[in-house]
Amino acid sequence: MAAIASFLRAVTYRGREGQIAWMLHRVTGIGVFFFLALHIADIFLMAFGPEVFNALLFFYHQFLFKLSIVFGLYPAALYHGLNGLRVVIIDFWPDMGKRQALVWRIQIMLFALIYIPSAIVMIRSMFFSH
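Reading the values: the criteria
- Throughout this description, residue numbers start from 1 for each chain and increase along the sequence as written.
- Per-residue local features are limited, in this predicted model, to residues with pLDDT of at least 70; the limit for side-chain atom pairs, both in listing and counting, is 80 or more; totals at the level of whole chains, interfaces and linings are taken over all residues.
- The side-chain figures draw on all heavy atoms in the structure; neither hydrogens nor water molecules are used.
- Numbering of helices and strands starts at the N terminus; helices are DSSP runs of H or I of at least 4 residues and strands are runs of E of at least 2.
- Here's how the labels work: a residue is buried when its accessible area is under 20% of the maximum for its type, exposed when over 50%, partly exposed in between, all with a 1.4 Å probe on protein chains only.
- The contact rule is simple, with two residues in contact once any of their heavy atoms fall within 4.5 Å.
- Only the stretch in contact is used when fitting a helix axis, every axis being a line fitted to C-alpha atoms; angles between N-to-C directions are given from 0 to 180 degrees.
- Note on angle classes: values under 35 degrees are labelled roughly parallel, values over 145 roughly antiparallel, values of 65 to 115 roughly perpendicular, and the remainder oblique.
- A clockwise turn of the near helix away from the far one marks a right-handed crossing, whereas an anticlockwise turn of less than a right angle marks a left-handed crossing.
- Any residue outside Ala, Val, Leu, Ile, Met, Phe, Trp, Tyr, Cys, Pro, Asp, Glu, Lys and Arg is labelled polar, Gly included; the first ten of those are nonpolar and the last four are charged.
- What is meant by a nonpolar core is a set of buried Ala, Val, Leu, Ile, Met, Phe, Trp, Tyr and Cys residues, joined one to another through side-chain atoms within 4.5 Å.
- What a helix should span is 1.5 Å times the count of its residues minus one.
- Here, a salt bridge means any Lys or Arg side-chain nitrogen found within 4 Å of an Asp or Glu carboxyl oxygen.

## Some points on the overall build of the protein chain
At step 1: The secondary structure content of the protein chain amounts to 5 helices and 0 strands.
At step 2: Overall, the protein chain shows an N-to-C arrangement of helices and strands of α-α-α-α-α.
At step 3: In the protein chain, buried positions account for 22% of the 130 residues.
At step 4: In the protein chain, of all internal contacts separated by at least 6 residues, the share reaching a separation of at least 24 is 69%.

## A closer look at the packing of helix 2 (residues 17-44) against helix 5 (residues 100-128)
At step 1: Running from N to C, helix 2 and helix 5 cross one another at 50°; their axes reach a closest spacing of 9 Å. Taken together, helix 2 and helix 5 sit at an angle that is classed as oblique. With respect to the hand of their crossing, helix 2 and helix 5 are arranged in left-handed fashion. Contacts between helix 2 and helix 5 involve Glu 17, Gly 18, Ile 20 and Ala 21 from the first element and Gln 100, Ala 101, Trp 104 and Arg 105 from the second.
At step 2: For the contact of helix 2 with helix 5, the class distribution of residues is 4 nonpolar, 2 polar and 2 charged.

## With respect to the nonpolar core
At step 1: Formed by Ala 21, Val 70, Leu 78, Tyr 79, Leu 82, Trp 104, Phe 111, Tyr 115, Ala 119 and Met 126, the largest nonpolar core amounts to 10 residues.
At step 2: Sorting the residues of this core by element identifies helix 4 (63-92) and helix 5 as the ones contributing at least two each.
At step 3: The element that contributes the greatest number of residues to this core is helix 5, accounting for 5 residues.

## So, helix 2
At step 1: Taking 1.5 Å per residue as the helical rise, helix 2 with its 28 residues ought to reach 40 Å, and the 40 Å between its terminal C-alpha atoms agrees with that figure.
At step 2: Along helix 2, the positions that sit buried rather than exposed are Glu 17, Gly 18, Ala 21, His 25, Thr 28, Val 32 and Asp 42.

## Examining the pattern of salt bridges
At step 1: Within this structure, the stated rule accounts for 2 salt bridges.
At step 2: Where Glu 17 meets Arg 105, a salt bridge forms, and the shortest distance between an N and an O atom there is 2.3 Å. Here the residue Glu 17 occupies a position in helix 2, and Arg 105 occupies one in helix 5, the gap between them amounting to 88 residues.
At step 3: On the basis of relative accessible area, Arg 105 is assigned to the partly exposed category, the value being 42%.
At step 4: Residues Asp 95 and Lys 98 are paired through a salt bridge, measuring 4.0 Å at the closest nitrogen-oxygen approach.
At step 5: Since its relative accessible area comes to 74%, Lys 98 is described here as exposed.

In structure tokens, the structure reads:
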């Protein structure tokens with residue numbers, strides 16, 4: 001029993017950067033999974049003919065769906081990918097585990113540097129493309 005308690009103490013985060021990164025990685029992974037499942041399902045509808053597929057296509061042209069891509073799917077996929085790279089860095093360079101909070105903060109800065117300009121471009125194309 002003491003060995004199990006010791007193991008749980010060793011693998012439990014203490015609510016700081018590691019816990020936040022862990023939780024966001026799971027949540028963004030689930031979100032990306034559900035979008036991919038929807039995408040696979042709608043591509044499957046092509047097997048029933050273009051009428052069936054085109055009947056669902058209106059959904060993707062809705063303004064709220066486009067906003068959900070810019071403020072939902074895209075940042076989730078970007079965060080999930082960057083955090084995956086952070087985990088790989090920590091796995092390959094074990095000393096980085098001691099600096100994981102710093103590495104996560106760098107990851108968040110990279111996220112902001114990539115996401116903000118590209119989201120602005122996407123939003124501009126939504127409003128000013130016509």
